[in-house]
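Below are the chains, spelled out letter by letter.
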Amino acid sequence: MDKKSSGSSKAIVCVFMVIVIGLIIFTLLNPMSAGEGYESKFYSTPLGLVPPLIAIILALITKEVYSSLFIGIFSGALLYSNFNLEMTINTMFFNEEGGMLYKIADSFNTGILMFIVILGILVALMNKAGGSAAFGVWASKRINTRIGAQISTIALGMLIFVDDYFNCLTVGSVMKPVTDRHKVSRAKLSYLIDATAAPICIIAPISSWAAAVTSSVPEDTNINGFQIFMRTIPYNYYALLTIVMMFLLVFRRIDYGPMRNHELNAYKGDLFTTGSAGKGNEEKINVSSKGIVLDLVLPVAVLIVACIFGMVYTGGFFDGVDFITAFADADASVGLVLGGVVAVIFTFFYYMLREVISFNEFMECITEGFKTMVPSVLILVFAWTLSGMTNLLGAKEYVAGLVAKSAVGLQSMLPAVIFLVALGLAFSTGTSWGTFGILIPIVVGVFPSGEMMVISISACLAGAVCGDHCSPISDTTIMASAGAECNHINHVSTQLPYALTCAAVSVVSYIIAGFVKNPIICLVSGVVLMFATVFIIEKVIGREPIDTGDTIVEPTDSFGGFRRD
């Protein structure tokens, strides 16, 4: 450590010590307890959005996510406790509505953590058995270019539309060998995974997201939640335009912002640019020489089928409930864990019979898989706790109040406003489901029926997904990083310009939709705007080198494939 860094660290420690001493003195002079009916004086005020903003800004500046999230949690608890240090500590860890221990103990959250660990174990097993390596060799004979590797990733992501968590982790584990071989950066892989997770799930009728949207429609209305969800699909501009933009960027070989630096470094063999996640573990694994493609494909196929059956099982499908209703009522957390456990058990017997790994090696993969997922688990726990702090401060109620007050008189502009509000709320809280769970009842209250209700609900869903994409504390963003084994801040910083570009086009599309109210005309205009935007970016930035399969050569276009200085 150089003298400058050492001096900065000492200054930070000194400032922190002064703050802590001041809080201790304040606590001793102003003892208090959070009894029944307690409410922070900052409840439902703009300061409720400050803790997540602190965490996000610190993460982007320092490139260190753990301390940034912790400071965000601490600041939220501090505001909730009115600067009482004793209550701050109790709030951070033991508050029943937002404390860390209660977030970990929540059955849904625990199920998601278990599923992440199970996926880590399966990935370790497939690597150990040689299935991943065999699939990489097999795919390299059929996928000859970087474009082909990226399109294959997108296609697989679009096929796994049941659940975004499942999508992120599965697509990453399957496609890493292929994209690595064709020198696609891990940041780009993370973006492709993330862009085919929530955006696909939010327009898929059979998915956990469809179930969440359906359940968010108030029960005391005469509206069929599932029918409304189906009608929102052509108006879900952010999701649809993200897919269009993704294909355009891949086929036209366009990247901009920090992603361009990652991709140009990947051409030279550096897939990570700044740091990695799990890179060291991959190097230590002794891979079996007996592995075949089926050693990867079969466990993944069993996992997909088992998870689908697990989800409909929790929804009552085997008790006579129809398939669609079973999905709408499914407990995704329980279903995914059940499916994951079945897949691990199947993989055990399959690998033992194939004799690709020994019993001891199988057991070693359990700990190895767990270790690779520890960073993701830690970030998720911190992110959930930070979201709990914002809830304690009434951030959702504050935003909901703003929307309700602004609804009068806006009318045709309201879809665009709702999109931006949903984006901001999801960005701050890191949750899409919580965002449209808050906003959809308000939208239905403003527009009880008609096309404007459908457009406004769709704007809410699209904004929630966009904010989810932009937020470093979003669980799906975290899982996309984990699936690609990419440094989390690298993924966030490279995806942000793409998400904001698509968001800008979506806002214009919702303004048009508020006046035109025709799904076909509005969607076509949005797609045309996206094409125009991407081609303008291409003219300004230029295109990347051409991949012929064997060599990388610079293109002959006027910009030479690199940014003009």
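Residues numbered from 1 in each chain as written. Predicted model: local features only at pLDDT ≥ 70, side-chain atom pairs only at ≥ 80, totals over all residues. Heavy atoms only, no water.

*Asks:* What am I meant to see in the overall build of the protein chain here?
*Replies:* When its secondary structure is counted, the protein chain shows 27 helices and two strands. Buried residues in the protein chain amount to 55% of all 565 residues. Taking all contacts inside the protein chain whose residues are at least 6 apart in sequence as the whole, residues at least 24 apart take part in 79%. Surface exposure of the protein chain reaches about 23,000 Å², of which carbon and sulfur atoms provide 67%. (Helix = DSSP H or I, 4+ residues; strand = E, 2+ residues; numbered from the N terminus. Buried < 20%, exposed > 50% of the residue type's maximum accessible area, 1.4 Å probe, protein only. Contact = heavy atoms within 4.5 Å. Areas by Shrake-Rupley, 256 points an atom, 1.4 Å probe, with all protein chains shown as cover.)

*Asks:* When you look at the side chain of S474 in this model, what are you seeing that I'm missing?
*Replies:* Inspection of the secondary structure assignment puts S474 in the loop between helix 24 (451–470) and helix 25 (475–484). Under the relative-accessibility criterion, S474 is labelled buried at 0%. Here the side chain of S474 touches D468 through a polar contact of 2.8 Å, side chain to side chain. S474 has contacts with G430 and D468, leaving out every residue within four places of it along the chain. (Polar contact = N/O pair within 3.5 Å; in protein donor to acceptor, adjacent residues only side chain to side chain.)

*Asks:* Which parts of the structure should I look at to understand unusual backbone geometry?
*Replies:* Residue K183 is not a glycine yet carries a positive backbone phi of 60°. Looking at the element boundaries, K183 is found in the loop between helix 9 (164–181) and helix 10 (186–195). The backbone of K517 sits at a positive phi, close to 60°, despite the residue not being glycine. Following the sequence through the fold, K517 ends up in the loop between helix 26 (488–516) and helix 27 (519–541).

*Asks:* Help me understand the pattern of salt bridges in this model?
*Replies:* Pairing between side chains becomes possible if they bear opposite charge and their charged atoms approach one another. Counting across every chain of the model gives nine salt bridges. Close ionic contact of K176 with E485 constitutes a salt bridge, the shortest N to O distance being 2.9 Å. Taken as a pair, K176 in helix 9 and E485 in the loop between helix 25 and helix 26 lie far apart in primary sequence, 309 residues in all. In this structure, K176 and E485 share a single accessibility class: buried. The salt bridge involving R186 is made with D180; its shortest N-O contact spans 2.7 Å. The buried category is assigned to R186, whose relative accessible area is 2%. By relative accessible area, which is 23% here, D180 ends up partly exposed. Look at the salt bridges and you will find they share partners, linking R146, K188, D255 and E263 into a network. (Salt bridge = Lys/Arg side-chain N within 4 Å of Asp/Glu carboxyl O.)

*Asks:* Quick question: what am I supposed to make of the state of the cysteines here?
*Replies:* A disulfide bridge is the covalent bond that connects two cysteines by way of their sulfur atoms. Counted according to the given criterion, the structure contains zero disulfides. Summary of cysteine pairing: C466 is not part of a disulfide, and the nearest cysteine sulfur, belonging to C470, is at 4.3 Å. Owing to a relative accessible area of 0%, C466 belongs among the buried residues under this scheme. (Disulfide = S-S within 2.5 Å.)

*Asks:* Explain the environment of E485 here, please?
*Replies:* The exposure class assigned to E485 is buried, which follows from its relative accessible area of 12%. Sequence separation between E485 and S173 is 312 residues, and the spatial gap between their C-alpha atoms is 8.9 Å. Side-chain polar atoms of E485 contact the side chain of K176, separated by 2.9 Å.

*Asks:* Which parts of the structure should I look at to understand helix 27?
*Replies:* The α-helix advances 3.6 residues per turn, and as a result positions three or four apart in sequence lie on the same side. Here helix 27 is 23 residues long and its end C-alpha atoms lie 33 Å apart, about the 33 Å a rise of 1.5 Å per residue gives. Where helix 27 is concerned, the buried positions are C522, G526, M530, V534, I537, E538 and I541. Where helix 27 begins, the capping side chain belongs to N518, and its oxygen is found 3.1 Å from the backbone nitrogen of I520. Just downstream of helix 27 lies G542, where phi reads positive at about 95°. (Expected span 1.5 Å × (residues − 1).)

*Asks:* I'm lost on the confidence of the model for the protein chain in this one. Help?
*Replies:* Reading predicted coordinates in detail is not appropriate for stretches of low pLDDT. Residues at a pLDDT of 70 or more form 81% of the protein chain, whose mean pLDDT is 79. Within the protein chain, helix 14 (residues 237–251) carries the highest mean pLDDT (94), whereas helix 16 (residues 279–284) carries the lowest (44). Contacts for the low-pLDDT stretch residues 278–284, under 50 throughout, to residues beyond four places or in other chains number eight contacts. Here residues 555–565 is modelled with pLDDT under 50, and outside its nearest four sequence neighbours on either side it reaches 29 contacts, counting other chains as well. (pLDDT = per-residue confidence, 0-100.)

*Asks:* Please explain the packing of helix 24 against helix 26 as it appears in this structure.
*Replies:* A pair of packed helices is characterised by two quantities: the angle between their axes and the separation of those axes. Following both chains from N to C, one finds helix 24 and helix 26 inclined at 170°, their axes separated by 9 Å at the closest point. Here helix 24 lies roughly antiparallel to helix 26, going by the angle between them. Listed contacts from helix 26 to M452, I455, S458, A459, A462, C466, H469 and C470 of helix 24 are V492, Q495, L496, A499, L500, A503, Y510, A513 and G514. (Axes fitted to C-alpha atoms, helices over the stretch in contact; angles between N-to-C directions. Parallel < 35°, antiparallel > 145°, perpendicular 65-115°, else oblique.)

*Asks:* Quick question: what am I supposed to make of the packing of aromatic side chains here?
*Replies:* Between two aromatic rings, the relevant description is the distance of the centres plus the angle of the planes. For the structure on display, the rule yields 18 aromatic pairs. With centroids separated by 6.3 Å and ring planes inclined at 50°, the aromatic side chains of F70 and F382 adopt a geometry described as tilted. Of this pair, F70 sits in helix 3 (residues 65–80) while F382 sits in helix 20 (residues 359–392), and the two are 312 residues apart along the sequence. Ring plane angle 40° and centroid distance 6.3 Å describe the contact between F531 and F535, whose orientation is recorded as tilted. (Phe/Tyr/Trp six-rings, centres within 6.5 Å; stacked < 30°, edge-to-face > 60°.)

*Asks:* Hey, could you run me through the packing of helix 14 against helix 26 in this one?
*Replies:* Interaxial distance between helix 14 and helix 26 falls to 9 Å at its minimum, and their mutual angle equals 130°. Taken together, the axes of helix 14 and helix 26 are oblique relative to one another. Of the two possible hands of crossing, helix 14 and helix 26 adopt the one that is right-handed. Contact residues: Y237, Y238, L241, T242, M245 and L249 in helix 14; Y498, A499, T501, C502, A503, V505, S506, S509, Y510 and A513 in helix 26. (Left-handed = near helix turned anticlockwise from the far one by under 90°.)

*Asks:* Looking at this model, I keep getting lost on helix 2 (residues 50–62). Mind explaining?
*Replies:* With 13 residues, helix 2 extends 18 Å from end C-alpha to end C-alpha; this agrees with the ideal 18 Å at 1.5 Å per step. Residues of helix 2 that are buried sit in contact with helix 3, helix 20, helix 22 (414–429) and helix 26.

*Asks:* What is the right way to read the environment of A195 from this model?
*Replies:* Here A195 is to be found in helix 10. Through-space distance from the C-alpha of A195 to that of M246 is 7.7 Å; in sequence the pair is 51 residues apart. Apart from the residues lying within four places of it in its own chain, the contact partners of A195 are T242, M246 and H469.

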